[in-house]
Structures are given as C-alpha cells and as structure tokens.
Amino acid sequence: MTLRTIVNDLREAISKQWLVVWLIIGVIIRISISPLFSHLDLITLDQSALNLATNHTLILSDSAAIIYLLAGWLGLLLPVLPHYLVGLIVNSQGTSESTFIQSQPGIQILLLTTRIPYIFFDILSGLVIQKMFKGSGFEKKAFIIWMLNPVTIFVSYFFGQYDIIPTFFLILAIYLFKKDSYALSSLSLGVVAALKSFGFLFIPLIPIIAGRNKPANTKAKLWVVSTILGLIPILTSDLSVSLFKSAYVSANAANAGLFNGYYGTQMYNQGSVVGNSFLSALVFFALDYSVHVSTLESFVDVLYLFPIIYGIFILYCNYIGNAGFDGMIDDMVILLSAYYALNLFLPQWFVWFQPLLLYKSLKSGELYKIVFFASIPIFFIYTWFWDPNLTTLLFLPLTPSAAFWQGPVAIMNDHGWPAIQLVQAARSFLSGLLLFVSGFCIIKGWQFRQNVPPKESAIIG
Amino acid sequence: LKERKIILILLILLLIGYGVAYVSLVERLATHKGLVFTPYFEDSSFNTQVGLNWSSPPNTGWSQVTFPGLNNQTHFIIDNEIGTVGVDFSGQNSGLPSGVSGAGFTVNVPNVSTTNAPIILISHKESSSSSALAISYALRDTYGGWHYSTFFPASSQWTNLTTDAQNVYNGTVTQVEVKFTDDYNPAYSGGFQNSSYSLIGFGQSPTWGIATNAQNVRPAEVVYGNAITLSSPETLKVGTIVSAQRDSSLPISLLAGSYLTVSIKTSSVGVSARVVIWTNSETPNVVLLQTYNDTLWHNVVVPLEDLGLNSQNIYMIELGMVILYNTNNPSISFANLTLATLTS
C-alpha cells in the first residue's frame, strides 16, 4: 500500500460522473456559504497565520501545524487580500476587536480564502469515504451524504473551524488501516494529533487491533512503529515552534481566566501559563472538559471521568473488542460516543464523529441511521449554548446590524420560554443516544469475542 | 487520460472562477461600512493642550530670570528632565524696593490660547515648605505685556498646581515665567533653597488628579502631545500603582454594550497599563491590565460588557500603571480616551 495507490484510487473515483456532479454541487455550496459567515475563532486563527506570513513571528493561538498550513496558504495569496484588513487583523489585540473586524468591508475574500484548504480536505474526505464503501453499493450514498452533511458544513463554513482537516486525516488513517498499511495509518493519526490532540488517544488502537492474535515480536514491532510514527508529526509540530520568534501579543489580564497572550514576559492561554502546546491541548480535551469529583481533601481533585473511561476503553479494546477494520471503527465510535455523552464538548469536535457515524449508519443498520439523523437537529440546538456567537453574530460579514440581533436563546427568554433548559434537555437526550450507541458497540464486541453472531436486528428491531 | 486531465483542470478553473465571481458579487451586494465605534464620551482634557517638558535642550526656549541684588546667589539647572532654580535666601534683598529675593526662568510657548486651554499645570517641589516661600507665574501676551498670577505656597512634596490661567490673561500667550521667591516674607533667611519643576502645561478642565499607593514617588502628570503621562524618576517596586483619576464631567452611566478605547504607550514591558472604572466611590472595576514589549503607541479596545460592566453608573475613571518588575524611571502615556458603542 503506497501513497501512489491512494492517488490512483482517488483518480479512479473522480472518473465517476455522478461523483463529479455531486462534487461540483458540494464545492459550490461551500464556496457560496464561506464568504457570508464568520466567527471570532476564525479571526484569531487568521491573526496567527497572517502574523506568521507577514511578520514571521508566531502566535501560538492554536496548534502550530494548522498555523503553518494557513500561513503558507494565506502567505501565497497575500497580494489579493485587502491590505487594510490584513493590517487590522495582524495588529489587533485579539478577540476584543473581532466583532468590529468581522463586519468590515472586504472581509468576504479573506473568509473564502481561509476556507479553501477546508474545502480541499473536505472533498478529499468525501472521496476517501466513498472509497471505504467500495463494492458495497453505498459509495454514491456515502459521498452525497458527506457533501450535504449539515454538521460539517456548519462547523467548517458557517463557524469556520478547521476540524475538517484532522477529520480528513482520521478518515485517511481508517482507510489505510483497512488497507493493512499500519505504519501510514499511525502517521496519519499522528497528523490528527498534531492538529487536534484527540488523535493521540487512537494511536494505541493500531497495535492493539492489528496485533491481535499475532506473535509477541510482531506485536512489539507494531507498538514501536506506531508509537514512533504517531509521535513524529506531534513532535515536529511542537518542536518547530522554537524555530520562530514568538509574537508579542498583549493580553488583557483583567479578563480573569480568559486571557490569551503576553502579560509581562509570560505568555498565557485561557489565563494559564502556556506550556507545551500538544500536552496543554490534550489536558484541555481530556481533563478540563471532563466531569470530575473531589475528595474530602481540598487541595486536589483526583477522579476525572474521561481518563477513567479511557483506561477501561484501552483494556476493552485489548481483551474484548471486535477485531479488524470493523473493530477499529467500533472502538472509535465507542470512545467518541462516550466522550460526547459524558463530557462538555465544543461543537466543532462533533465533526470528528461524522465519518464514523456515517459509516456505521450505512453499514450497520437502522440504529446508527436514527442516531446519525437525530443527532443533527440536536447538534444545532446544542450550539445555542454559544448564543449569540454561534447564531446571530455569524452573520456579521453579511450585515453589521447582526451585532444587535437577538439570538434564539434571547428571543425565547424574552417570551418566557426556558431556553437554556431546552438546550440542556436536548443535549442530555443526545447523551442518551450516544451512550446507547457506545453500549451497543461494546455488546457487539463482547458477542464477537464469545463467538456469538451479533444480533443487531434483535436489538434495533 | 489526457482528456480526463483537461476536464479536471477545466473543472478546477470553473470552480475558481465561480469563487471569484461570487465574492465580487457578494461584496457588491453586501455594501456596508461595517461597524464603527461611536463615542458618547471623549476625554477632551488631553486635547488642545500644550505641554512643555525638560526634554528640550536647555538652551532652546529656556532662560534664567535673575533678581537685582542677588548676584551669584541664584542658579538654574536642568538635569534628568527636571528644571531647578536655587536661591540663597539671606534676608531682605537690598536690590529691590520690596526686599524680595528669588529666581526663576522663562520659557517660550507656541502661542497658547488660554481661551481654549484655560488651565495651567505646574508640577513642582521645593526643598523647604517654609511659609515664607512661594512660587508664582506670569504670562506674556503677543504685545509683550506680562500678566502676573498670585502666589502659591511652596511644598516639599511633588505637587501638581492646577490653576485658572484664563483669569491671569485671556488670550494668546507667547511666554511663561515661573518664579521661586520669599514673597510671603521677604525677611526670610533660610539659606540656600531650591525649587524643581517637572512640567508646565496648559489644558482644559477637568484635570486629572494623581493617586499612588507608594511613598515618596514623583509622579508627573504631563500634558504633552495630547497625552497624559505618568512617570517617576525613581525605581518603583513591584506592585506600585500610580494613577491619574478623573471624577468630574463624566457620563452618569455606561451605555449597554460599551467599549473603552484608549491609546497607550509604556516605557518597558515591566510597566503594566491599568485602567479602572469606579462604579461608585468604593467599587473599583479593573478593566485593563496590559503590557507591551515596545515603546510605541497601542490602540486598545476593551469590551466592558465582557468584564461585567453594562449600564452601571460611572463614578470615576482611573488611568495608571502597575509595576510588574522593579523598574527604573517607569512611565506610561494615555491618549484618545473614549467610551463608545458599536453602531452600524
């Protein structure tokens, strides 16, 4: 399995007429939405990328890997970007001015330009997904659903989050795993981790699942290769940071607990001293958003739910879980379902789950279809937690008056409706669905180990 | 295969063309000027003010004023951005009928209108606060006539004397004279005394008062180039706060969704800008703590709503600095202070 094989597969894919038609439709939808909507996170990312492209100094507002990618891309296109706007963003003090910046004339071209790499990786994701269904009869359906998926479209092109890029590398890792290319699969998961730390948690799955029923030395080799190749992108991304001079972006330390940037000679992220960016991101993902309980001793909280789940999960994968490609998909579904169900999660993180849920809903029956389609409206209700940033303020590039519009939560509150409780109920309902999915996959894995044929039909009716 | 490649290239070009055309169309259709900051309060005390500090070469515009009968008993020196006059007070001065002893200096000013900038600010400190000692000033009009102020007591602490210059002369001023004398008691014989000046400036009312949590620091309120500057010639320790406070002619309350905008310049990264909005006499709300690693001006926007301030009353605004690392000769400047809302 080489990269050439993948390229050949993709070349073969775009020779299909239906695929080209839906690809064009998908791209037109994405291009049409991109210049109209914005979010402060996108402006912050643009600030880092443009700063690197113009001043050659680094603002580590996100993973270094995405900043390098966007800096390279936007650096190429600097001549066509409005100079006034680039100057405004590069010299801004961060999020405090983002509402103002997002409403400025000329922002449209920057919004589209920033999202072109997203469109590229989004299309590639669709192409790889339909390849995963090769010969199953679901290729067309999978590609169309991917191109029209409201969750990925909202997160990438309304909201402007780059999670579609790590999602592509996650899909690629799964595809490579299916093709028995474990080394490249590990490398691809390493790229996911360099972009979004959650990818790191999946790297052990490769030696665990691929090494099942293999001799000890093969297992050991798989562990070594997967670990090394998985760590290469992470270390490259993190260590390369020292090659660049850090940009001095002033933070407002009066904004307790939420300030990003320099105060004095120390840099902060979310009000904490910045350390290693990958580890900080991993801690943020695995601990900060996890439910935890305190002991009677007041000085430390020791019990965090997500690491407990992860510990159980790793043992499950090793001793109980399904084998092979389906085992890989199931295990990823189990972990992500449990994460979304039991932890606070940012809306953009739900994109990681989309290819897995899509795969399961087309391949494994009605249960997943129900969850896949039911999760979409609930996801949009969940985004109201971030009202108005994820509702009315998205429209700022289209009309500055959006800054004064009331969002859905505010409108419902004005009418005396329990808006936040509604959001909480919807989110909890989603947790219920996802916990069931997680549990169902676990039972399926258990049945696999017991050599009992999975009786999905009995459970899902 | 070649045909496929051509189709692929055409397809890519088509999509790029669509993107360019679509963005152009959106930019034409969505024509708006964007959000703008609309101030509902601007601090005008920085505007139209003229300040004179000692950074000018001593031989440019400054000259010593000597009193008859006091040869070799006075001096005038400029050092470390402070001008100092010294007088050896030895009783009645036989050189003048009034018997007054003293010394002073004059400085050229670029045609300041006391109609527009009616307040004069003199930052001074004397070696003695003897009740015999006084400072005074005079303003020279465009015809060469001098207009004299009353006397103000000497002070052994740094003091910002702010007084109504318009009452002394209402019109265009070309020169200012400052004198250190024993006018309150010409028989005074306290020996050698001196009077130091860190600033002379003209501005509008209201002025800003100085507040600090440190002892014996010399904060200077400099009105120069439309800015207010706080500085100290000494090494200030970690945690020292020096502020300028304004509690007059403010809006009664903040408007919903207000932003505070201000330009800030600091002398080093160890000096943190500190902006406080007092919602009553006992409730300070720190809305800005920010450092810069250069000595350039920075335009700062503070969304007050994000800091929990929305429609509250305003009792006082405080602009100042807090020392993060022991810093020699720290200073901070503020300009263009506004409270504004975003409007479309």
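From a predicted model like this one, the values you see are computed outputs, not experimental measurements.

Q: What is the right way to read the overall build of chain B from this model?
A: For chain B, the helix and strand inventory stands at 1 helix and 25 strands. For 344 residues, the compact-globule formula gives about 20 Å, and the C-alpha radius of gyration of chain B, at 27 Å, lies well above that figure. The principal-axis extents of the C-alpha atoms in chain B amount to approximately 110 × 45 × 35 Å. Burial status across chain B gives 52% buried among its 344 residues. When contacts within chain B are restricted to residue pairs at least 6 apart in sequence, long-range pairs at least 24 apart make up 79% of them. Only carbon and sulfur atoms are counted for the fraction: they give 51% of the accessible area of chain B, which is about 15300 Å². With 13 positive and 21 negative side-chain charges, chain B shows a spacing of 18 Å between the two charge centroids.

Q: What's the story with the overall build of chain A in this structure? I'm lost.
A: If you tally the helices and strands in chain A, you get 21 helices and 7 strands. For 461 residues, the compact-globule estimate of 2.2 N^0.38 gives 23 Å, and the C-alpha radius of gyration of chain A, at 22 Å, lies within 12% of that figure. Projecting the C-alpha coordinates of chain A onto the three principal axes gives extents of approximately 65 × 65 × 55 Å. Taken across its 461 residues, chain A has 56% of its residues classed as buried.

Q: Explain the environment of Leu60 of chain A here, please?
A: Residue and element names in this part refer to chain A. Within the secondary structure, Leu60 is located in the loop between β1 (57–58) and α4 (64–76). We classify Leu60 as buried; its relative accessible area is 19%. Distance in space between the C-alpha atoms of Leu60 and Pro377 is 34 Å, their sequence separation being 317 residues. With residues near it in sequence (within four places) discarded, Leu60 still touches Ile67, Val241, Met267 and Ser277.

Q: Quick question: what am I supposed to make of the pattern of salt bridges here?
A: Where charged atoms from two side chains of opposite charge approach closely, those side chains can pair. Under the criterion given, the structure shown has 8 salt bridges over all chains. Residues Glu318 of chain B and Arg274 of chain B are paired through a salt bridge, measuring 2.9 Å at the closest nitrogen-oxygen approach. One end of the pair, Glu318 of chain B, is in strand β23 (residues 316–323); the other, Arg274 of chain B, is in strand β20 (residues 271–280), and 44 residues separate them in sequence. Members of the salt-bridge network, linked through shared partners, are Asp330, Lys360 and Lys444 of chain A.

Q: In this structure, what is going on with the packing of helix α17 (residues 354–363) of chain A against helix α18 (residues 366–382) of chain A? I would like to understand it.
A: Between two packed helices, the angle of one axis relative to the other and the distance separating the axes together describe the packing. Residues and elements named next belong to chain A. The interhelical angle for the contact between α17 and α18, taken along N-to-C directions, is 140 degrees, at an axis separation of 8 Å. By the angle class used here, α17 and α18 are oblique. Crossing hand, α17 versus α18: left-handed. Residue-level contacts link Gln354, Leu357, Leu358, Lys360 and Ser361 of α17 to Tyr368, Lys369, Val371, Phe372 and Ser375 of α18. Its residues placed into classes, the contact of α17 with α18 shows 5 nonpolar, 3 polar and 2 charged.

Q: Please explain the sheet that holds β20 of chain B as it appears in this structure.
A: Two pairing modes exist for strands in a sheet, parallel and antiparallel, and in both the strands are linked by backbone hydrogen bonds. All names here are of chain B. Strand order across the open sheet formed by 5 strands is β14-β18-β23-β20-β21, with antiparallel pairing between neighbours. At either end of the open sheet lies a strand with only one pairing partner, and these are β14 (209–212) and β21 (283–290). The average angle at which neighbouring strand axes cross in this sheet is 25 degrees, direction not considered. When β20 meets β23, the two strands line up antiparallel, connected through 8 bridges. Each residue of the ladder has a partner; that of Ala273, found in β23, is Met321.

Q: So what exactly am I meant to see when it comes to the confidence of the model for chain A here?
A: Note: predicted coordinates in regions of low pLDDT should not be interpreted at a detailed level. Mean pLDDT over chain A: 88, with 93% of residues reaching 70 or higher. Per-residue pLDDT stays below 50 along residues 454–461 of chain A; that stretch engages in 15 contacts with residues further than four places along the chain or on separate chains.

Q: How should a nonpolar patch on the surface be read in this particular structure?
A: All names here are of chain B. On the surface, a nonpolar cluster with roughly 750 Å² of combined accessible area is contributed by Ile6, Leu8, Ile9, Leu10, Ile12, Leu13, Ile16 and Val20. Turning to its location among the elements, Val20 is positioned in helix α1 (residues 2–29). A residue is classified by how much of its surface remains accessible, and Val20, at 52% relative accessible area, is exposed.

Q: In this structure, what is going on with the packing of helix α15 (residues 305–319) of chain A against helix α16 (residues 324–342) of chain A? I would like to understand it.
A: All names here are of chain A. For the pair α15 and α16, interaxial distance at closest approach is 11 Å and the crossing angle is 165 degrees. Looking at the two axes, α15 sits roughly antiparallel to α16. Seen from above, α15 lies across α16 with right-handed handedness. Each of Leu305, Phe306, Ile309, Tyr310, Phe313, Tyr316 and Cys317 in α15 lies in contact with α16, whose residues at this interface are Asp331, Ile334, Leu335, Ala338, Tyr339 and Leu342.

Q: Honestly, the sheet that holds strand β4 (residues 266–269) of chain A in this entry has me stumped. Any pointers?
A: Residues and elements named next belong to chain A. Taking strand neighbours across the sheet as the criterion, the 3 strands line up as β3-β4-β5 in an open arrangement whose pairing is antiparallel. Taken across any chain shown, the strands that pair with only one partner, and hence form the sheet edges, are β3 (261–263) and β5 (272–273). Sheet topology note: the β4/β5 ladder contains 2 bridges and is antiparallel. Bridge pairing in β5 places Tyr268 opposite Val273.

Q: So what exactly am I meant to see when it comes to α15 of chain A here?
A: Each α-helix winds once per 3.6 residues, and so residues spaced three or four apart point in a common direction. The terminal C-alpha atoms of α15 of chain A lie 21 Å apart, and with 15 residues this matches the ideal 21 Å at 1.5 Å per residue to within 8%. Where α15 of chain A is buried, its residues touch α12 (205–210), α14 (277–288), β7 (303–304), α16 and α20 (419–449) of chain A.

Q: It is not clear to me how the interface of chain A and chain B should be interpreted in this structure. Could you clarify?
A: Accessible area lost upon the coming together of the parts serves often as the stated size of an interface. Facing 41 residues of chain A, the contacting portion of chain B comprises 41 residues. A combined buried area of about 3300 Å² lies between chain A and chain B, and 67% of that area is made up of carbon and sulfur atoms. Between chain A and chain B we count 0 salt bridges in total. At the boundary of chain A and chain B, one finds 15 residue pairs in polar contact (both at pLDDT 80 or more). Of all elements in the fold, only α2 (17–33), α6 (98–102), α7 (107–132) and β3 of chain A reach the threshold of two or more residues within the side of chain A that touches chain B. By residue number, the principal contributor to the side of chain A that touches chain B is α2 of chain A, which donates 6 residues.

Q: Even after reading the chapter, I still don't get the pairing of strand β5 (residues 82–89) of chain B, so can you show me in this structure?
A: The two faces of a sheet get side chains in turn, since along a regular strand they alternate between them. Residue and element names in this part refer to chain B. For β5, the tally of buried residues reaches 7 of 8 residues, placing the bulk of the element in the interior. As judged from the 6 bridges shared by strand β4 (residues 74–79) and β5, these two strands associate in the antiparallel manner. Within β5, the position partnered with Asp79 by the bridge is Ile82. Hairpin connection from β4 to β5: 2 residues lie between these consecutive antiparallel strands, with Asn80 at a positive phi of about 50 degrees.

Q: Explanation requested: unusual backbone geometry in the structure shown.
A: Excluding glycine, residues mostly have negative phi values, and the peptide bonds linking residues are mostly trans. The step from Asp387 of chain A to Pro388 of chain A runs through a cis peptide bond, and the omega angle for that step is 5 degrees. The residue Pro388 of chain A is located in the loop between α18 and α19 (408–414) in this model. Despite not being glycine, Ser311 of chain B shows a phi value in the positive range, around 70 degrees. Residue placement: Ser311 of chain B occurs in the loop between β22 (298–303) and β23. Phi at Asn336 of chain B takes a positive value of approximately 55 degrees, unusual for a residue other than glycine.

About the thresholds
- Residues numbered from 1 in each chain as written.
- Chains lettered and ligands numbered in written order.
- Predicted model: local features only at pLDDT ≥ 70, side-chain atom pairs only at ≥ 80, totals over all residues.
- Heavy atoms only, no water.
- Helix = DSSP H or I, 4+ residues; strand = E, 2+ residues; numbered from the N terminus.
- Rg over C-alpha atoms; globule rule 2.2 N^0.38 Å.
- Buried < 20%, exposed > 50% of the residue type's maximum accessible area, 1.4 Å probe, protein only.
- Contact = heavy atoms within 4.5 Å.
- Areas by Shrake-Rupley, 256 points an atom, 1.4 Å probe, with all protein chains shown as cover.
- Lys, Arg positive; Asp, Glu negative; His and termini not counted.
- Charge placed at Lys NZ, Arg CZ, Asp CG, Glu CD.
- Salt bridge = Lys/Arg side-chain N within 4 Å of Asp/Glu carboxyl O.
- Axes fitted to C-alpha atoms, helices over the stretch in contact; angles between N-to-C directions.
- Parallel < 35°, antiparallel > 145°, perpendicular 65-115°, else oblique.
- Left-handed = near helix turned anticlockwise from the far one by under 90°.
- Nonpolar A, V, L, I, M, F, W, Y, C, P; charged D, E, K, R; others polar.
- Pairing = 2+ DSSP bridges.
- pLDDT = per-residue confidence, 0-100.
- Patch = residues over 30% accessible without salt bridge, like charges linked within 9 Å, V, L, I, M, F, W, Y side chains within 5 Å.
- Expected span 1.5 Å × (residues − 1).
- Buried area = accessible area lost by both parts, 1.4 Å probe.
- Polar contact = N/O pair within 3.5 Å; in protein donor to acceptor, adjacent residues only side chain to side chain.

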